[in-house]
Amino acid sequence: MTKAELTIVADENIPALEDCFGDLGTLVRLPGRDMTREQLRDADILLVRSVTRVNEALLAGTPVRFVGSCTIGTDHLDTGWLERQGIHWSAAPGCNANSVVEYVFSALAALNHDWNGRRFGIVGCGNVGGLLQKRLRALDIPCAVYDPWLPDNPDAADLDRVLQQDVICLHAPLVKGGPHPSLHMLGAEQLARIKDGAVLISAGRGAVVDNRALLELLRRGRQFTTVLDVWENEPDIDTELLELVDIGTPHIAGYSLDGKLAGTRMIREALDKSGLGVAVGAVGRPSAGGRDQCQLPWRDLSRPPAAPGRAAPTGVSSGFAAMAALLLQIYDPRKDDQRLRVAAEGELPMARAFDQLRRDYPERLEFSHYRIDGAVLTELQRSQLKILGLE
Ligand SMILES: NC(=O)c1ccc[n+]([C@@H]2O[C@H](COP(=O)([O-])OP(=O)(O)OC[C@H]3O[C@@H](n4cnc5c(N)ncnc54)[C@H](O)[C@@H]3O)[C@@H](O)[C@H]2O)c1
Ligand SMILES: O=C(O)[C@H](O)[C@H](O)COP(=O)(O)O
């Protein structure tokens, strides 16, 4: 890239764009879901989130030389095609893994489902599943892990065994081909193996679970608890399924501010590493710091915020409920569930309502920004909250 300034086309939902990329040239913000090739006519860099399908249809004939997705998932990128064209691409592995793990514990808190004494099953043990496994081990909670690419995992088990556990957490990517496809990995047969009284939490990609099969099972009154953050056919999700799940959220498990900013920052770092854009940055418009600015919001976040920095006593004074109530002061997924249910009943078509909720998502900070403030807790509860990231 030899232009003095780059043209950077970006999904308008990417935070800190100006801070992280403003020094490189002109920023054009667009709705990610509807990006067109025409809009990329002058683009050198394309920055997306998971809702933009990046493939030949979008990019052929455009000057785009770098594609950055500020997300963990990559199933929306045709990476084979990008590589064959010599277009650099990068995603942001692990950027919001902690946010997803916190979502899992928050969902269990919301269900008042004490994790102590339960056995967990994890499907997909990468950055998210691996972090969950690490937390569970620290909490002394047994887990079984199904990840066909990690046979040496100390908790490795087959899928059937994982589905027999008390809390089953799905964190596999969407993979359609190869030796271990995950598309509809949980179909009617697998879902039928889940025990009554178990909790199923799906926070990887929607189509890992056959949604129609799940709907049929729930219609027949199966007695396991279901938490869905991800859905087939997002954003136009099945509203009947939404009615039947216990907690349903609009694909926001990874939406902590920390996670989103980490995604943006990682893509700037990947761009710098690629060598594309660095020279331009040097000769481009004078910047107040470029990468330093990029890290500013990150540094700010490392301090506890003034107002919401404390999880205070809640009136619930004993048992798991006391600990759960504290966590729910920080993040309560039932509020996201409520917003989704209200939106589903509203005037907007489901797809638009789903996207709107995601676009207007309230600021959510991770547990590490909070301190426990004088709540009555046992030593065990305090140590558990510390493992989860609170002081
Ligand atoms: N709900 C959300 O907001 C949210 C947030 C972040 C990530 N995600 C999704 O979660 C997925 C996992 O995230 P990650 O950071 O752990 O990714 P990762 O790439 O670090 O790990 C994925 C793991 O899944 C394993 N895997 C691949 N195919 C599998 C299969 N068929 N069965 C079981 N395991 C399989 C891989 O071996 C790998 O260990 C992402 O791909 C993304 O789609 C969702
Ligand atoms: O893959 C990811 O990182 C997550 O699924 C991410 O949180 C999705 O958010 P989106 O890109 O759709 O805004």
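Analysis parameters
- Residues numbered from 1 in each chain as written.
- Chains lettered and ligands numbered in written order.
- Predicted model: local features only at pLDDT ≥ 70, side-chain atom pairs only at ≥ 80, totals over all residues.
- Heavy atoms only, no water.
- Buried < 20%, exposed > 50% of the residue type's maximum accessible area, 1.4 Å probe, protein only.
- Helix = DSSP H or I, 4+ residues; strand = E, 2+ residues; numbered from the N terminus.
- Pairing = 2+ DSSP bridges.
- UniProt positions renumbered as here; feature names shortened; annotations may be inferred.
- Contact = heavy atoms within 4.5 Å.
- Axes fitted to C-alpha atoms, helices over the stretch in contact; angles between N-to-C directions.
- Near = heavy atom within 4 Å.
- Polar contact = N/O pair within 3.5 Å; in protein donor to acceptor, adjacent residues only side chain to side chain.
- Nonpolar A, V, L, I, M, F, W, Y, C, P; charged D, E, K, R; others polar.
- Areas by Shrake-Rupley, 256 points an atom, 1.4 Å probe, with all protein chains shown as cover.
- Phe/Tyr/Trp six-rings, centres within 6.5 Å; stacked < 30°, edge-to-face > 60°.
- Lys NZ or Arg CZ within 6 Å of the ring centre and 35° of its normal.
- Arc of directions from axis to C-beta.

Our next topic: the pairing of strand E4 (residues 66-69). A regular strand places its side chains so that they alternate between the two faces of the sheet. In E4, alternate side chains face the same way, and those of Phe-66 and Gly-68 on one face and Val-67 and Ser-69 on the other are all buried. Where strand E3 (residues 45-48) meets E4, four bridges bridge the pair, whose relative direction is parallel. Bridge pairing in E4 places Ile-45 opposite Phe-66. Pairing geometry for E4 and strand E5 (residues 88-90), over three bridges, is parallel. Paired with Phe-66 across the strands is His-88, a residue of E5.

What follows concerns the environment of Gly-22. Along the chain, Gly-22 falls in the loop between helix H1 (17-21) and strand E2 (25-30). Along the sequence, Gly-22 and Leu-6 sit 16 residues apart, while their C-alpha atoms lie 9.9 Å from each other.

Our focus in this paragraph is the UniProt feature "binding site: substrate" (unreviewed entry) in the chain. The residues that UniProt annotates with the feature "binding site: substrate" (unreviewed entry) are Ser-50, Thr-71 and Tyr-255. A maximum C-alpha distance of 12.3 Å is found for the annotated residues, which run over 206 residues; spatially they form one tight group. Those residues in contact with Ser-50, other than ones at most four positions away along the chain, are Thr-71, His-76, Arg-205 and His-251. You can see Tyr-255 is positioned in the loop between strand E11 (247-248) and helix H10 (257-274).

Take His-251: it is sitting in the loop between E11 and H10. A residue is classified by how much of its surface remains accessible, and His-251, at 12% relative accessible area, is buried. Ignoring anything within four residues of it in the chain, the contact list for His-251 reads Ser-50, Arg-205, Asp-229, Val-230, Glu-234, Phe-354 and Arg-358.

Taken together, the five strands give an open sheet; going across it, the order is E2-E1-E3-E4-E5, and neighbouring strands pair in parallel fashion. The open sheet is flanked by E2 and E5, the only strands paired with a single partner. Shown here is a sheet whose adjacent strand axes are inclined to one another by a mean of 15°, direction ignored.

All residues in the neighbourhood of ligand 2 are listed as Arg-49, Ser-50, Val-51, Thr-71, Ile-72, Gly-73, Asn-96, Arg-205, His-251, Tyr-255 and Arg-358. A distance of 2.7 Å separates an oxygen atom of ligand 2 from a polar backbone atom of Gly-73. Interatomic distance of 2.7 Å between a side-chain N/O atom of His-251 and an oxygen atom of ligand 2. A class-by-class count of the residues in the shell around ligand 2 yields three nonpolar, five polar and three charged.

Let's shift gears to the site of ligand 1. Near ligand 1, the surroundings consist of 29 residues, among which Asn-96, Asn-127, Val-128, Asp-147 and Asp-229 are the closest. The separation between an oxygen atom of ligand 1 and a polar main-chain atom of Gly-126 is 3.4 Å. Gly-254 places a main-chain nitrogen or oxygen 3.0 Å from an oxygen atom of ligand 1. About the coverage of ligand 1: the protein hides 88% of its 860 Å² of free accessible area. For the shell around ligand 1, a count of residues per class yields 15 nonpolar, 11 polar and three charged.

All right, on to the packing of aromatic side chains then. On inspection of all chains with the given rule, the structure shows three aromatic pairs. Ring centres of Phe-105 and Trp-115 lie 5.1 Å apart, and the angle between their planes is 85°; this geometry places the pair in the edge-to-face category. Taken together, the positions of Phe-105 in helix H4 (residues 97-110) and Trp-115 in the loop between H4 and strand E6 (120-123) put the pair 10 residues apart, joining distant regions of the chain. Assessed through its relative accessible area of 1%, Phe-105 is described here as buried. Positioned above the aromatic ring of Tyr-255 is the side chain of Lys-260, whose terminal nitrogen or guanidinium carbon lies 3.9 Å from the ring centre. Against the face of Tyr-331 rests Arg-364, its NZ or CZ located 4.0 Å from the ring centre.

Those residues of helix H15 (residues 350-359) that fall on the buried side of the exposure criterion are Met-350, Ala-353, Phe-354, Leu-357 and Arg-358. In a view along the axis of H15, the buried residues occupy a sector of 135°, so they form one face of it. Looking at the buried side of H15, the elements it contacts are helix H9 (239-244) and helix H14 (333-345).

It is worth spelling out unusual backbone geometry at this point. For residues that are not glycine, phi is negative in most cases, and the peptide bond is trans in most cases. Residue Pro-235 is bonded to the preceding Glu-234 through a cis peptide linkage, with omega at 5°. Tracing the chain through its elements places Pro-235 in the loop between strand E10 (225-228) and H9. A positive phi is found at Ala-16, a non-glycine position, where the angle reads about 60°. Mapped onto the elements of the fold, Ala-16 is located in the loop between strand E1 (6-11) and H1. A positive phi angle is found at His-184, which is not glycine, with a value near 55°. Within the secondary structure, His-184 sits in the loop between strand E8 (167-170) and helix H7 (188-192).

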